[in-house]
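Residue-level structure breakdown
Spelled out, the chains give:
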Amino acid sequence: MNSLVNKMTSFIVMDVLERAGELQRQGIDIVHMEVGEPDFDVPECVSKAVSDAYSDHKTHYTHSLGDPELREEIAKLYKREYGVTVSPDQILVTSGSSPAILLTMILLCSVGSEVILSNPGYACYSNFVLGAHGVPVYVPLSADNGFQYKVEDIKSKITDKTVGIFVNSPMNPTGTLLEPEFFKELASLAIPVISDEIYHGLVYEGKAHSILEYTDNAFVLNGFSKRFAMTGLRLGYLIAPKRYMEAIQKMGQNFLICASSTAQKAGIAALRDHSGYEERMRNTYNERRVYLLKRLREMGFVIPTDPQGAFYVLADARKFTNDSLKFAFDILENAHVGITPGVDFGSNAEGFVRFSYANSLERIKEGLDRIEKFLVNS
């Protein structure tokens, strides 16, 4: 077996989710606050587009870069929201954003190449780097400054082996946004930036910025799973500098063939006609966010920084534990609520736990009631 696989970590939130599934099969009611999956149905226009695609027999291979209409709509989105011009020929449509991450890592990394990541950060990034024979290099983020990157810290990690810097805004697990000044400074480093923009569209305070507003030396990862609740349709995309597109298309042809044709029709519909769907979803998430922050603080959790986007709260649980993994599974087994241990996101989140508010307010209230009872009785 490839020795690199042994270096990879499990995705702990999936371990929690899978154990929760086992308990549910035993007839136990579980409140899910661990997984980052919207509880909304897809927009009506998406459902209709999928149905029409099947009815019209549009179920065949598409262009390897993706349906030209979909790529046009993605380019329009980036012009409309960020004022940047992206050619449709700079876009590769993928089956979710994960293949886009993998292709970017294969493109940039040789054996021993270094990719700068944040600690804490999205748990899977480091495994994508390892899968491409690269080396993850971590920049520690601190709760004391709201888990924000500092450019000085990034500079201290740059070597002649550095091939990329990962950023994620709004960030998973904290929900924080990166500021325009940071992006400007990052762009000045002249190192490719890999910007995960999957939570754009889900912002409650401030404004999300694309790295493309500041540099074209960047790889943008995005998709439809969060913004349009299309997780099961598996639709994402990669925006890359033109000089890399021939190589990226070649990899796409070999490794992916193309994304689902029907999902791509759904993506076109989502971008063209979602009829206020995003605003309604944002308002609902924000109501949950406000409630969750207030309630967690009342229960004794410390929230170093209020999330500005996405649908997560990273809470300091060190009043209750120094072992976030054990704490999360104790809550799952005893209170029957799924939460994610902070250690899933890196050593700098040990002692923290992540709560997802991608669930109904009623279920969130029930979950917190159960956790509060567990904490009182522990």
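Right, let's walk through the structure included here. In this text the structure is predicted, and so the values were computed from the model without any measurement.

Considerations on the sheet that holds strand β9 (residues 312-316)
The strands making up a sheet associate through hydrogen bonds between their backbones, and the pairing can be parallel or antiparallel. Within the open sheet, the three strands sit side by side as β9-β12-β11. Their pairing is antiparallel. Looking at the sheet topology across the chains shown, the edges are occupied by β9 and β11 (340-341). As judged from the two bridges shared by β11 and strand β12 (residues 352-356), these two strands associate in the antiparallel manner. Residue pairing in the sheet places Pro 341 in a bridge with Val 353 of β12.

Thoughts on the pattern of salt bridges
According to the stated counting rule, one finds 22 salt bridges in the structure shown. Put simply, Asp 52 and Lys 48 hold a salt bridge, and the shortest N to O gap is 2.7 Å. A residue pair is termed a helical-turn pair when its members lie 3 or 4 positions apart in one helix, as Asp 52 and Lys 48 do in helix α3 (residues 44-55) at four residues. The exposure class assigned to Asp 52 is partly exposed, which follows from its relative accessible area of 29%. Overall, the relative accessible area of 53% leaves Lys 48 in the exposed class. Measuring nitrogen to oxygen at the nearest pair gives 3.6 Å for the salt bridge that ties Arg 71 to Asp 89. Taken together, the residues Arg 71 in helix α4 (residues 68-82) and Asp 89 in the loop between α4 and β2 (91-94) connect sequence positions 18 residues apart. On the accessibility criterion, Arg 71 (4% relative accessible area) is buried. Beyond isolated ion pairs, a larger network of salt bridges with shared partners links Asp 67, Glu 69, Glu 73, Lys 76, Lys 265 and Arg 272.

Concerning the pairing of β12
Both faces of the sheet carry side chains from a regular strand, because those side chains alternate between them. The buried fraction of β12 is high, at five of five residues. Neither face of β12 is exposed, since Phe 352, Arg 354 and Ser 356 on one face and Val 353 and Phe 355 on the opposite face are all buried. Judged from the five bridges that link them, β9 and β12 form a sheet pairing that is antiparallel. Bridge pairing in β12 links Ala 315 to Val 353.

What to know about the packing of α4 against helix α10 (residues 261-272)
Where α4 contacts α10, the axes come no closer than 9 Å and their chain directions differ by 30°. Regarding the angle of α4 to α10, the classification is roughly parallel. For the pair α4 and α10, the crossing hand works out as left-handed. On α10, the residues touching Glu 69, Leu 70, Glu 73, Ile 74, Leu 77 and Arg 80 of α4 are Gln 264, Lys 265, Gly 267, Ile 268, Leu 271 and Arg 272.

Describing the environment of His 209
Relative to the helices and strands, His 209 is located in the loop between β6 (193-196) and β7 (218-223). Taking the C-alpha atoms as reference points, His 209 and Pro 180, separated by 29 residues in sequence, lie 7.0 Å from one another. With residues near it in sequence (within four places) discarded, His 209 still touches Tyr 82, Pro 180, Phe 183, Glu 197, His 200 and Tyr 214. Among the polar contacts listed, one links the side chain of His 209 to the side chain of Glu 213, at a separation of 3.1 Å. At a separation of 3.2 Å, a polar atom in the side chain of His 209 contacts the side chain of Tyr 214.

Observations regarding the sheet that holds strand β8 (residues 236-239)
Strand order in the open sheet formed by seven strands is β2-β8-β7-β6-β5-β3-β4, and the pairing between neighbours is mixed. Across the chains shown, the open sheet's two edge strands, defined by having one partner strand only, are β2 and β4 (135-140). Across the sheet, the axes of successive neighbouring strands diverge by a mean angle of 20°, strand direction being ignored. For β7 and β8, the ladder comprises four bridges, and the chain directions are antiparallel. In the sheet register, Asn 222 faces β8, and the bridge partner there is Tyr 237. Most of the contacts of α4 go to β2, to which it runs at about 115°, and overall it touches β2, β7 and β8.

Thresholds, definitions, all that
- Every chain is numbered independently, its residues counted from 1 as its sequence is written.
- Given that the model is predicted, a residue must reach a pLDDT of at least 70 before its local features are reported, and side-chain atom pairs must reach 80 or more before they are shown or counted; all residues, however, enter totals for whole chains, interfaces and linings.
- Side-chain descriptors were evaluated using all non-hydrogen atoms of the structure, hydrogens and water having been removed beforehand.
- Here, a strand pair is defined by DSSP locating no fewer than two bridges between the strands.
- Under the DSSP-based scheme used, a helix requires at least four consecutive residues in state H or I and a strand at least two consecutive residues in state E, with every element numbered from the N terminus.
- Each salt bridge in this description consists of a side-chain nitrogen of Lys or Arg and a carboxyl oxygen of Asp or Glu lying within 4 Å of one another.
- Think of it in three bands: residues with accessible area under 20% of the maximum for their type are buried, residues over 50% are exposed, and the middle band is partly exposed, with areas taken using a 1.4 Å probe on protein chains only.
- Note on geometry: axes are C-alpha line fits, over the in-contact stretch for helices, and angles between N-to-C directions span 0 to 180 degrees.
- An angle below 35 degrees is treated as roughly parallel, one above 145 as roughly antiparallel, one from 65 to 115 as roughly perpendicular, and anything else as oblique.
- By definition, any crossing whose near helix is turned counterclockwise from its far helix by less than a right angle is left-handed, and any crossing with a clockwise turn is right-handed.
- Should any heavy atoms of two residues lie within 4.5 Å, those residues are considered in contact.
- Under this definition, polar contacts are N or O atom pairs within 3.5 Å; protein pairs additionally need one hydrogen-donor-capable and one acceptor-capable atom, and for neighbouring residues in sequence, both atoms have to be side-chain atoms.

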